[in-house]
Amino acid sequence: GKTYTMFGNLPNTVLRVIENGATPNEACNLVHPYISGNDCFAWRMYDDAYRWWVRNKKPTTPTTITTRELGSISSNSDEDNEEEEKAKEKNAPSDDIDPSSEKEASEKVVYKKPTFCCVQIYNERVYDLLSADGSNTEIDKHATDTNGDLRNVSWIVAPSAHVVKQALIVAFTRRMVGSTAWNSASSRSHLIATLSFPKSQKGGAIKVHLVDLAGSERAGSHHSRVRMQEGCAINKSLSALGRLINSLSSKDIVPSYRDSCLTWLLRDCLVPRTGRAIMLAMVTPDSFQE
């Protein structure tokens, strides 16, 4: 279906590992070798995005930011470590970094690199899929900073596409899935994976949202109460997204981004002139209800 088209067989592989009794951390380690062999739209997109970043990024400039490490994501590949060591040697002069200044334990001197976060929208509530404690931490959708990014969401430093792929494995171990009449592992939440690139030589900062919408089915007597509630929330958000896209194509209708969590979180890429959106559709000739 939609998720398979975007991420290949990775989500199902993660789900099977967890169903066999593995913890989320164990699942990440078991599925990790699958990263290099998975050829799907998301992997190609991230690889292309980082190739663009390497060509257009500014000379590396060190800065002090507060960051944290998140399980297996914190360990970069050997290529990333070698690249970072070379960057540190190149930018070693003390006029860039004051060695006498004391840093708090929670701060590091790092180099400006892309960052990544991943959230899910379940029953019109936003949850952080990369939280440090391993739980689906609920966050306030209206609490944003000056850049329009959610506050209290876990942003990780992602110097390469490999780190982003590792983070997505973690996210899939925590995403809400459930059995429906047509799919034993249907996505019951909207997943929004956001990759943020710093300013480059050719322009300002860029954010790339990769969105996997939840599966939508017609309501029926065979659905449980939980599935009915999920379906109502999913259809409500998809209807709000449809109305927003229609309003953007009409000069007479004022776009409303506050009708759902989905449209609110995607407002920066759905704003005319400054944002661009591409939709992928999974279409089948069979008479399925999805």
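Quick notes on the rules
- Residues numbered from 1 in each chain as written.
- Predicted model: local features only at pLDDT ≥ 70, side-chain atom pairs only at ≥ 80, totals over all residues.
- Heavy atoms only, no water.
- Patch = residues over 30% accessible without salt bridge, like charges linked within 9 Å, V, L, I, M, F, W, Y side chains within 5 Å.
- Areas by Shrake-Rupley, 256 points an atom, 1.4 Å probe, with all protein chains shown as cover.
- Salt bridge = Lys/Arg side-chain N within 4 Å of Asp/Glu carboxyl O.
- Buried < 20%, exposed > 50% of the residue type's maximum accessible area, 1.4 Å probe, protein only.
- Core = buried A, V, L, I, M, F, W, Y, C linked by side-chain atoms within 4.5 Å.
- Helix = DSSP H or I, 4+ residues; strand = E, 2+ residues; numbered from the N terminus.
- Contact = heavy atoms within 4.5 Å.
- Axes fitted to C-alpha atoms, helices over the stretch in contact; angles between N-to-C directions.
- Left-handed = near helix turned anticlockwise from the far one by under 90°.
- Nonpolar A, V, L, I, M, F, W, Y, C, P; charged D, E, K, R; others polar.
- Disulfide = S-S within 2.5 Å.
- Expected span 1.5 Å × (residues − 1).

Where nonpolar side chains cluster on the molecular surface, the patch consists of Phe41, Ile278 and Leu280 and spans about 330 Å² of accessible area. Look at Phe41 and you get partly exposed, because its relative accessible area is 35%.

Attention shifts here to the nonpolar core. Core analysis: the biggest nonpolar cluster contains 37 residues, and Phe7, Tyr46, Phe116, Cys118 and Leu168 have the highest contact counts within it. Those elements giving two or more residues to this core turn out to be helix 1 (2-7), helix 2 (10-19), helix 3 (24-31), helix 5 (41-56), strand 3 (115-122), helix 7 (161-174) and strand 9 (190-197). Top element by residues in this core is helix 7. It accounts for 9 residues. If near-sequence neighbours (up to four positions away) are discounted, Tyr46 is found in contact with Phe116, Ala161, Val164, Leu168, Ala193, Leu195 and Leu210. Core analysis: the next-biggest nonpolar cluster, separate from the first, contains 18 residues, Leu150, Tyr257, Trp264 and Cys269 among them.

Moving on: the packing of helix 5 against helix 7. As a packed pair, helix 5 and helix 7 sit with axes 9 Å apart at the nearest point and diverge in direction by 145 degrees. Remark: the crossing between helix 5 and helix 7 carries right-handed chirality. Only Ala161, Val164, Lys165 and Leu168 of helix 7 make contact with helix 5, whose side of the interface consists of Trp43, Tyr46, Asp47 and Tyr50. Considering only residue class, the contact of helix 5 with helix 7 consists of 6 nonpolar, no polar and 2 charged.

Moving on to the environment of Ala158. For Ala158, the location among the structural elements is in the loop between strand 6 (156-157) and helix 7. You can call Ala158 buried: its relative accessible area is 0%. Along the backbone, Ala158 and Phe197 are 39 residues apart, and their C-alpha atoms lie at a distance of 9.6 Å. Residues within four places of Ala158 in sequence aside, it is in contact with Tyr50, Pro114, Thr115, Phe116, Val163 and Val164.

A word on the state of the cysteines. Tallying each qualifying case throughout the model produces 0 disulfides. The thiol of Cys118 is unpaired, and the distance to the nearest cysteine sulfur, on Cys117, comes to 7.3 Å.

So, on to helix 8 (residues 225-248). Along its 24 residues, helix 8 runs 35 Å from first to last C-alpha, staying within 8% of the 34 Å computed at 1.5 Å per residue. The set of residues buried in helix 8 consists of Arg227, Glu230, Gly231, Ala233, Ile234, Ser237, Ala240, Leu241, Leu244 and Ser247. Considering only its buried residues, helix 8 is in contact with strand 3, strand 7 (177-178), strand 9 and helix 9 (261-265).

In short, shape yes, function no, at least from these values alone.
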